[in-house]
Amino acid sequence: MRRRTTPRAVLLATGELLLWWAALALLWLVLISTVDTLERIVGASVAAVGALLARAGRRAVTWR
């Protein structure tokens, strides 16, 4: 049987990822004293990966 994803679930997942990304990107910017363009790109990329890992970790714990 195939599970369907509801629009509400997609919206909640997107919101969670955006909140994680914003928190991690803000933390990155606070810890860097002077921010260059490359540092912004790296920080945003690392924050996106961290947000995906944080969501996966949370889902793994609550799935049990």
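In this report, the structure presented in the accompanying data block is examined. (Residues numbered from 1 in each chain as written. Predicted model: local features only at pLDDT ≥ 70, side-chain atom pairs only at ≥ 80, totals over all residues. Heavy atoms only, no water.)

**With respect to the pattern of salt bridges**
Two side chains of opposite charge can pair, provided their charged atoms sit close to one another. Using the criterion set out here, one finds 2 salt bridges in the structure. Here Glu16 and Arg55 are joined by a salt bridge, their closest N and O atoms 2.6 Å apart. Of this pair, Glu16 sits in helix 1 (residues 7–31) while Arg55 sits in helix 2 (residues 37–63); the two residues are 39 residues apart in sequence, bridging distant segments of the chain. Judged on exposure class, the residue Glu16 and its partner Arg55 are both buried. Its salt-bridge partner being Glu16, residue Arg58 comes within 2.7 Å of it at the nearest N-O pair. (Salt bridge = Lys/Arg side-chain N within 4 Å of Asp/Glu carboxyl O. Helix = DSSP H or I, 4+ residues; strand = E, 2+ residues; numbered from the N terminus. Buried < 20%, exposed > 50% of the residue type's maximum accessible area, 1.4 Å probe, protein only.)

**A closer look at a nonpolar patch on the surface**
Together, Leu26, Leu27, Val30 and Leu31 give the surface a local cluster of nonpolar side chains, amounting to about 440 Å² of exposed area. Position of Val30 relative to the elements: it lies in helix 1. Classification of Val30 as exposed rests on a relative accessible area of 60%. (Patch = residues over 30% accessible without salt bridge, like charges linked within 9 Å, V, L, I, M, F, W, Y side chains within 5 Å. Areas by Shrake-Rupley, 256 points an atom, 1.4 Å probe, with all protein chains shown as cover.)

**Observations concerning helix 1**
Spacing of three or four residues puts side chains on the same side of an α-helix, whose turn is 3.6 residues. An ideal rise of 1.5 Å per residue puts 36 Å on 25 residues; helix 1 measures up with 36 Å between its terminal C-alpha atoms. Among all positions of helix 1, only Ala13, Glu16 and Ala25 are buried. (Expected span 1.5 Å × (residues − 1).)

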